[in-house]
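# Results of the structural survey
Below, each chain spelled out in residue letters.
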Amino acid sequence: KNQVEQSPQSLIILEGKNCTLQCNYTVSPFSNLRWYKQDTGRGPVSLTIMTFSENTKSNGRYTATLDADTKQSSLHITASQLSDSASYICVVTSNSGYALNFGKGTSLLVTP
Amino acid sequence: GAVVSQHPSWVICKSGTSVKIECRSLDFQATTMFWYRQFPKQSLMLMATSNEGSKATYEQGVEKDKFLINHASLTLSTLTVTSAHPEDSSFYICSAPGTGPNQPQHFGDGTRLSIL
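Just so you know, these numbers come straight off a predicted model, no measurement behind them. (Residues numbered from 1 in each chain as written. Chains lettered and ligands numbered in written order. Predicted model: local features only at pLDDT ≥ 70, side-chain atom pairs only at ≥ 80, totals over all residues. Heavy atoms only, no water.)

### Observations regarding the interface of chain B and chain A
- On the side of chain A, 20 residues touch chain B, which itself brings 17 residues to the contact.
- Interface area lost by chain B to chain A is led by B:P101, B:N102 and B:F107, which between them contribute 30%.
- Viewed at the interface, chain A and chain B are joined by one salt bridge.
- Between A:R42 and B:D109 there is a salt bridge; the shortest N-O distance is 2.9 Å.
- Inspection of the chain B/chain A interface yields four residue pairs in polar contact (both at pLDDT 80 or more). (Contact = heavy atoms within 4.5 Å. Buried area = accessible area lost by both parts, 1.4 Å probe. Salt bridge = Lys/Arg side-chain N within 4 Å of Asp/Glu carboxyl O. Polar contact = N/O pair within 3.5 Å; in protein donor to acceptor, adjacent residues only side chain to side chain.)

Next up, the structure:
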């Protein structure tokens, strides 16, 4: 069964600190892995997409890593800002990229 | 970039009412759109795939007579929750696929449906 597990479920950090979110998956066959940011009451917004051959990708202060051998990914947020408070969702696609498997997300709260 | 517009963003209505949610692709054509449902602190759950000019494909366990989907044009898909009840209260999100398998889906901003 295709599964995407994210940890931690929730996280509170101080503004300016770094944090790392984890995603483990059992999706097969693997097509790509995506990280989305979802603000409360809004739709998800894409942060990064990585295919099998990519092991790191950055988008500003967000850096995603992928280890396709261990089926693990991480999202590192550098110098957090209050606006980073949101849910971060890991999505692993299969079937040539059109079958999406969603994680439950990590809820991040950045406090002053 | 590609934008998906969803309307309304918030609906509060009485039990038994039917509610229509619209999803529009603003600067591109979408032959396929996806409808998701999200409960608090849960992941998005795919309800159905909307196909322009043909019947929608529903996921297992989703009542097609309850959740009517119409994809009448290349830029508009609608989801109608018929005879809504409190248990239908949820966050409904639509999306359109990217231009290729390694392109991100474009999500609407969602519709918060509250049935009293």
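The structure having been displayed, the exposition proceeds.
### Observations concerning the pairing of strand 9 (residues 86–94) of chain A
Residues and elements named next belong to chain A.
- Burial within strand 9 is extensive, with nine of its nine residues counted as buried.
- Of the two faces of strand 9, the one lined by A86, Y88, C90, V92 and S94 and the one lined by S87, I89, V91 and T93 are each fully buried.
- Bridge count between strand 4 (residues 32–38) and strand 9: seven bridges; the pairing is antiparallel. Among the inter-strand pairings, L33 is bridged to a residue of strand 9, identified as V92.
- With three bridges connecting them, strand 9 and strand 11 (residues 106–111) associate as antiparallel partners. Pairing of Y88 across the sheet is with T106, part of strand 11.
- Across four bridges, strand 9 lies against strand 10 (residues 99–102) in antiparallel orientation. Each bridged residue has a counterpart across the sheet, and for T93 the counterpart in strand 10 is L100. (Buried < 20%, exposed > 50% of the residue type's maximum accessible area, 1.4 Å probe, protein only. Helix = DSSP H or I, 4+ residues; strand = E, 2+ residues; numbered from the N terminus. Pairing = 2+ DSSP bridges.)

### Points about the pairing of strand 11 of chain A
Residues and elements named next belong to chain A.
- Burial along strand 11 is one-sided: the face carrying T106, L108 and V110 is buried and the face carrying S107, L109 and T111 is not.
- Where strand 2 (residues 10–14) meets strand 11, five bridges bridge the pair, whose relative direction is parallel. Considered in strand 11, the bridge of L14 is made with T111.

### Some details on the sheet that holds strand 8 (residues 76–81) of chain B
All names here are of chain B.
- Taken together, the four strands give an open sheet; going across it, the order is 1-3-8-7, and neighbouring strands pair in antiparallel fashion. Of all the strands in the sheet, the pair left with one neighbour each is strand 1 (4–7) and strand 7 (67–73). In this sheet, adjacent strand axes meet at a mean angle of 15 degrees when their direction is disregarded. (Axes fitted to C-alpha atoms, helices over the stretch in contact; angles between N-to-C directions.)

### Things to note about the side chain of B:T78
All names here are of chain B.
- By the secondary structure assignment, T78 is in strand 8.
- For T78, a relative accessible area of 11% gives the class buried.
- What T78 contacts, discounting residues up to four positions off in sequence, is K20, I21, E22, W35, L68, I69 and N70.

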